[in-house]
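Summary of the model geometry
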Amino acid sequence: MTYEGLSESYIKLLLKAKEAMERAYVPYSHFQVGAALLDEEGHIHFGCNVENAAYGPTNCAERTALFRAVADGKRPGQFQAIAVIGDTEGPIAPCGICRQVLVELCMPDMPVIMGNLKGQWSISTVSDILPGAFTPASLDNRERKTNE
Ligand code: THU
């Protein structure tokens, strides 16, 4: 694993995501994913995918990290970066539901670092990975609309 060209701090975050990946509970897909979410105090919140026999309740690694951080007292916007890793051909791509949750809980310009086990990586931002997102601001007109 090299992650050549990626900053040292983001390489460290990807390696934390890899640690989390090894804790995945994946008896159905056998596809492990790990995430490491860095908060504004420098603490890391780990996430792995946790599957379920009913399939639907499965939670992705990214959402596990984000929900866990909220449960531990973090509020929206109090995050610096998230790294996600899986055993994919190129860098892993977060699913659409996780992109929506990232938009809700992270600043639009927050870096999203995506990697794989071969040392490949890509970096983007929360807003760039979900263009045209439905956001908390999208709800602003709701009273006026419902009274029409
Ligand atoms: N998965 C994640 O945890 N994150 C992603 O970004 C993509 C998909 C999980 C969900 C499921 O447990 C397995 O990977 C196969 O889809």
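Preceding block: the structure.
Reading the values: the criteria
- Residues numbered from 1 in each chain as written.
- Predicted model: local features only at pLDDT ≥ 70, side-chain atom pairs only at ≥ 80, totals over all residues.
- Heavy atoms only, no water.
- Helix = DSSP H or I, 4+ residues; strand = E, 2+ residues; numbered from the N terminus.
- Buried < 20%, exposed > 50% of the residue type's maximum accessible area, 1.4 Å probe, protein only.
- Contact = heavy atoms within 4.5 Å.
- Polar contact = N/O pair within 3.5 Å; in protein donor to acceptor, adjacent residues only side chain to side chain.
- Pairing = 2+ DSSP bridges.
- Axes fitted to C-alpha atoms, helices over the stretch in contact; angles between N-to-C directions.

**Observations concerning the side chain of Asp39**
Position of Asp39 among the secondary structure elements: in strand β1 (residues 33–39). According to the relative accessible area criterion, Asp39 is buried, its value standing at 0%. Those residues in contact with Asp39 that sit more than four places away from it in its chain are His45, Lys74, Gln78, Phe79 and Gln80.

**Topic: the environment of Glu51**
Secondary-structure assignment places Glu51 in the loop between β2 (44–48) and α2 (61–71). Here Glu51 falls in the buried class, since its relative accessible area comes to 11%. Placed 25 residues apart in sequence, Glu51 and Val26 show a C-alpha to C-alpha distance of 5.4 Å. Here Glu51 is in contact with Tyr25, Val26, Pro27, Tyr28, Ser29, His30 and Thr58, once residues within four sequence places are set aside. Engagement of the side chain of Glu51 in a polar contact is seen with the side chain of Ser29, the distance being 2.5 Å.

**A word on the sheet that holds β2**
The strand order across the open sheet built from five strands is β2-β1-β3-β4-β5, with neighbouring strands paired in mixed fashion. Edge positions in the open sheet fall to β2 and β5 (121–125), since each of these has one partner strand only. Averaged over neighbouring strand pairs, the angle between their axes works out to 15 degrees when direction is ignored. Across five bridges, the pairing between β1 and β2 is antiparallel. Along β2, the bridge assignment pairs Gly34 with Cys48. The strands touched by helix α1 (residues 8–21) within the sheet are β1, β2, β3 (79–86), β4 (111–116) and β5, with β3 carrying the most contacts at an inclination of about 55 degrees.

Keep in mind that these numbers describe shape and distance, not what the molecule does.
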